[in-house]
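For reference, the chains in residue letters:
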Amino acid sequence: RVRYKFASFWNRNHALRQLQRTAKNYHTMLEAEKKEKAESALRAHSSSIGGSRRQAKIVEETVTKPEKRQPFIKEEVLVGIYNDVFPCTAEQFFTLLFSDDSKFTNEYRAARKDSNLVMGQWHAADEYDGQVREVAFRSLCKSPIYPRDTAMTESQHAVLSPDKKIFVFETVQQAHDVPFGSYFEIHGRWHLETIAENSSTIDIKVGAHFKKWCVIQFKIKTGAVNKYKKEVELMLETARSYIKICTSGGETNNQSSTPSVTPDCN
């Protein structure tokens, strides 16, 4: 029946409603992008400054802390990619692999053939629980549509529970030289919980968070998860070898959950 109406007025009203919906969606998208930029800037600022607040060891957070802190990552984008048992405690995982004195990150990035590694120091941040730091490097790209390598910035967040049995490690990766690189971030979370004297459960989740809409979002999300799975395989393989070297110098002290570290690990 519509085709027999006087079309100009019907089309005008229809077009007006469509334009109004589009304008509303556009302004909503702009507000969301402003919020995302503010959160990214806050995370980058907190991760890159330490000053007098730098500490040698990770801050132990209490669950009864009254003040509300900012979430470091977007949990809603995460999907599980790995769950298993790892041959060290949660505290050892941080101390041996991610403390300021550890050389694990250097070995892992060398195994990946990444270059120009620059690591900041762990420090407390007012906006987040635990401690944060920033790691920068150049990462090789294997996709034919990407450049040979890209500059990467990784903001890291670490929290150890008061009883030292739970360790949460969160990362936000930003690629700077790939197509649509400014549109998204790769968010990851590692959760370890000690279950025995020298073992803990490890659960790893990852996801792509888009700061603004992108026409190939689904393809980027799928590619990011698959790429991170491969990185996790290499990282865990390197971690097991590194921990074995670090703990081979002597027996673990039964009165302390942190083993003595050999000179090769410092």
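To keep things clear, this report deals only with the structure shown in the data block. (Residues numbered from 1 in each chain as written. Predicted model: local features only at pLDDT ≥ 70, side-chain atom pairs only at ≥ 80, totals over all residues. Heavy atoms only, no water.)

1. Remarks on the pattern of salt bridges
- Scanning the entire structure with this criterion turns up 11 salt bridges.
- Here R109 and E154 are joined by a salt bridge, their closest N and O atoms 3.9 Å apart. One end of the pair, R109, is in helix α3 (residues 104-111); the other, E154, is in strand β5 (residues 149-160), with 45 residues separating them in the sequence.
- In this structure, the salt-bridge partner of K227 is E231, at a minimum N-O distance of 2.5 Å. Placement of both K227 and E231 in helix α4 (residues 217-247) is noted, with a separation of 4 residues, approximately one turn of the helix. (Salt bridge = Lys/Arg side-chain N within 4 Å of Asp/Glu carboxyl O. Helix = DSSP H or I, 4+ residues; strand = E, 2+ residues; numbered from the N terminus.)

2. Considerations on unusual backbone geometry
- For N116, which is not glycine, the phi torsion reads 55° and is therefore positive.
- Here N116 falls in the exposed class, since its relative accessible area comes to 56%.
- A positive phi angle, close to 60°, is found at F180, a residue other than glycine.
- Among the secondary structure elements, F180 is positioned in the loop between β6 (166-175) and β7 (184-196). (Buried < 20%, exposed > 50% of the residue type's maximum accessible area, 1.4 Å probe, protein only.)

3. Remarks on the packing of α3 against α4
- At a minimum axis separation of 10 Å, α3 and α4 run at an interaxial angle of 130°. Our classification of the angle between α3 and α4 gives oblique. The element α3 and its partner α4 pack so that their crossing is right-handed. In this structure, α3 contributes F104, E107, Y108 and A111 to the contact, and α4 contributes E231, L234, M235, T238, A239 and Y242.
- Here the contact of α3 with α4 is composed, by residue class, of 7 nonpolar, 1 polar and 2 charged. (Axes fitted to C-alpha atoms, helices over the stretch in contact; angles between N-to-C directions. Parallel < 35°, antiparallel > 145°, perpendicular 65-115°, else oblique. Left-handed = near helix turned anticlockwise from the far one by under 90°. Contact = heavy atoms within 4.5 Å. Nonpolar A, V, L, I, M, F, W, Y, C, P; charged D, E, K, R; others polar.)

4. A word on a nonpolar patch on the surface
- Where nonpolar side chains cluster on the molecular surface, the patch consists of Y26, M29, F180, W213, V215 and I216 and spans about 590 Å² of accessible area.
- Topologically, W213 is positioned in the loop between β8 (199-210) and α4.
- Residue W213 is classed as exposed on the basis of its relative accessible area, which comes to 57%. (Patch = residues over 30% accessible without salt bridge, like charges linked within 9 Å, V, L, I, M, F, W, Y side chains within 5 Å. Areas by Shrake-Rupley, 256 points an atom, 1.4 Å probe, with all protein chains shown as cover.)

5. Things to note about the environment of V85
- Looking at where V85 falls in the secondary structure, it is placed in strand β1 (residues 79-86).
- Taking relative accessible area as the criterion, V85 reaches 43% and is therefore assigned partly exposed.
- In this structure the C-alpha to C-alpha distance between V85 and L192, which are 107 residues apart in sequence, comes to 9.1 Å.

6. Digging into the packing of aromatic side chains
- Evaluated as defined, the whole model comprises 14 aromatic pairs.
- Taken together, a centroid distance of 6.2 Å and an interplanar angle of 50° make the contact between F93 and F167 tilted. One end of the pair, F93, is in helix α2 (residues 90-97); the other, F167, is in strand β6, and 74 residues separate them in sequence. You'll find F93 and F167 in the same group, each marked buried.
- Ring geometry for F184 against F210: centres 5.7 Å apart, planes inclined by 40°, an arrangement best described as tilted. Taken together, the residues F184 in strand β7 and F210 in strand β8 connect sequence positions 26 residues apart.
- Every member of this aromatic cluster is reached through a ring pair, and the members are F86, F93, F94, F98, F104, Y108, W122, F167, F169, W190 and Y242.
- Across the ring face of F137, the terminal group of R109 is positioned such that the distance to the ring centre comes to 3.9 Å.
- One Lys or Arg, K212, reaches over the ring of Y183 and ends 4.6 Å from the middle of that ring. (Phe/Tyr/Trp six-rings, centres within 6.5 Å; stacked < 30°, edge-to-face > 60°. Lys NZ or Arg CZ within 6 Å of the ring centre and 35° of its normal.)

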